[in-house]
Amino acid sequence: MTHVNWAAFASAEPGLARLAEERFGAFRHHVLATLRKDGSPRTSGLEADFRGGELWLGMMADSLKALDLRRDPRFSLQANPGEGTDMGGGDVRISGRAYEVGGERKSGYAKEVEPPEPFHLFRTELTEVVRTCVEDEKYLVVQVWKPGTPLRTFKRA
């Protein structure tokens, strides 16, 4: 499987990447899904950070979501839908694998972002980006991107 970071995705699908960043930028907290030791899903709040061509996931030291990702790197990150039901910009979900970083990469990030210490930092490799929205108040539109494939768009009334 091809390893794709945020920069590679943005290069392949700049329009969808811009929409996704705007959606995640509209609110501070989002929902991260990880896998527990028994394989069941765990959802947690998280702040996503698009920086330097990467989608970074930072979290408190020894948090359950960090321990989940250390054990099994698969994740899904859902953008905060905001208030009401209009979901301006659509609903966006990013899935992939998250790998913990340390050393100079983590130190450089910490200098730039100044997160609460101690913390875990994970870089992501994307396996899917999905945007769902309503068009013309009557069509459900789903855009699906996966590495190595063109953007697919499904529309239904």
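Residues numbered from 1 in each chain as written. Predicted model: local features only at pLDDT ≥ 70, side-chain atom pairs only at ≥ 80, totals over all residues. Heavy atoms only, no water.

Considerations on the overall build of the chain
Quick note on the threshold: Secondary structure elements are taken from DSSP: a helix is a run of H or I of four residues or more, a strand is a run of E of two residues or more, and numbering for both begins at the N terminus. Within these notes, the globule rule equals 2.2 Å times the number of residues to the 0.38 power, and the radius of gyration is based on C-alpha atoms. The classification of residues rests on relative accessible area computed with a 1.4 Å probe and restricted to protein chains. Under 20% of the type maximum is buried, over 50% is exposed, and intermediate values are partly exposed. Every residue pair with non-hydrogen atoms within 4.5 Å of one another is taken to be in contact. For the area figures, the Shrake-Rupley method with a 1.4 Å probe applies, and any residue is considered shielded solely by the protein chains shown. Positive charges are assigned to Lys and Arg, negative charges to Asp and Glu, while His and the chain termini are left out of the count. In this description, the location of a charge corresponds to atom NZ of lysine, CZ of arginine, CG of aspartate or CD of glutamate.
A tally of helices and strands in the chain yields four helices and nine strands. Its helices and strands in sequence order give the chain the pattern α-α-β-β-β-β-α-β-β-α-β-β-β, from N to C terminus. Over its C-alpha atoms the chain spans a radius of gyration of 16 Å, differing by no more than 12% from the 15 Å that the globule rule assigns to 157 residues. Taking the principal axes of the C-alpha coordinates as reference, the chain spans close to 50 × 30 × 30 Å. By the burial criterion, 38% of the 157 residues in the chain qualify as buried. The contacts of the chain with a sequence gap of at least 6 include a subset with a gap of at least 24, amounting to 55%. Per element, the accessible surface of the chain, about 8900 Å² overall, is 51% carbon and sulfur. Within the chain, the 23 negative side-chain charges are centred at a point lying 5 Å from the centre of the 23 positive side-chain charges.

Some remarks on the pairing of strand 6 (residues 91-101)
Heads up, the condition is: By this definition, two strands are paired if DSSP reports at least two bridges between them.
The pairing of strand 5 (residues 74-78) with strand 6 spans five bridges and is antiparallel. Directly across from S76, in strand 6, lies its bridge partner S95. In this structure, strand 6 lies alongside strand 7 (residues 119-135), joined through 11 bridges in antiparallel fashion. If you follow V101 over to strand 7, its bridge partner there is L121.

What about the nonpolar core?
Generally speaking, soluble globular proteins have nonpolar side chains that are buried together. For clarity, the threshold we go by: For our purposes a nonpolar core is just a set of buried Ala, Val, Leu, Ile, Met, Phe, Trp, Tyr and Cys residues, chained together by side-chain atoms within 4.5 Å.
Counting 24 residues, the largest nonpolar core has F9 and L57 as its most contacted members. Contributing elements (two or more residues each) for this core: helix 1 (6-12), helix 2 (14-25), strand 4 (54-60), helix 3 (64-71), strand 5, strand 6 and strand 7. For this core, the leading source of residues is helix 2, giving four residues. Setting aside residues no more than four positions away along its own chain, F9 makes contact with V4, L16, A17, L126, V129 and W145.

Quick look at the pattern of salt bridges
Note on pairing: side chains with opposite charge can pair once their charged atoms come close. Our working definition: By definition, a salt bridge exists where a carboxyl oxygen of Asp or Glu is found within 4 Å of a side-chain nitrogen of Lys or Arg.
Evaluated as defined, the whole model comprises 13 salt bridges. One salt-bridge network, in which partners are shared between bridges, spans R42, D68 and R71.

As for the pairing of strand 4
Where burial is concerned, most of strand 4 is hidden: five out of the seven residues are buried. Taken together, strand 3 (residues 48-51) and the strand that follows it, strand 4, pair antiparallel across an intervening segment of two residues, in which G52 is found at a positive phi of about 60°. Where strand 4 meets strand 7, five bridges bridge the pair, whose relative direction is antiparallel. In the sheet register, G58 faces strand 7, and the bridge partner there is L121.

Concerning the packing of aromatic side chains
Geometry of an aromatic ring pair is reported as the spacing of the ring centres plus the angle between the planes. The line we're drawing: Pairing of aromatic side chains requires ring centres within 6.5 Å, counting the rings of Phe and Tyr and the six-membered ring of Trp. Pairs whose planes differ by under 30 degrees are stacked, by over 60 edge-to-face, and all others tilted. Our definition puts a charge over a ring when NZ of Lys or CZ of Arg is within 6 Å of the ring centre and also within 35 degrees of the ring normal.
Counted by the stated rule, this structure contains six aromatic pairs. Judged by centre distance (4.7 Å) and plane angle (55°), the rings of F9 and W145 are tilted. One end of the pair, F9, is in helix 1; the other, W145, is in strand 8 (residues 139-145), and 136 residues separate them in sequence. Taking the relative accessible area as the measure of exposure, W145 reaches 3% and is therefore buried. Through a chain of ring-to-ring contacts, the aromatic side chains of W6, F9, F24, F50 and W145 assemble into a single cluster. Seen from the ring of F119, K106 lies directly overhead, with NZ or CZ sitting 4.7 Å from the centre.

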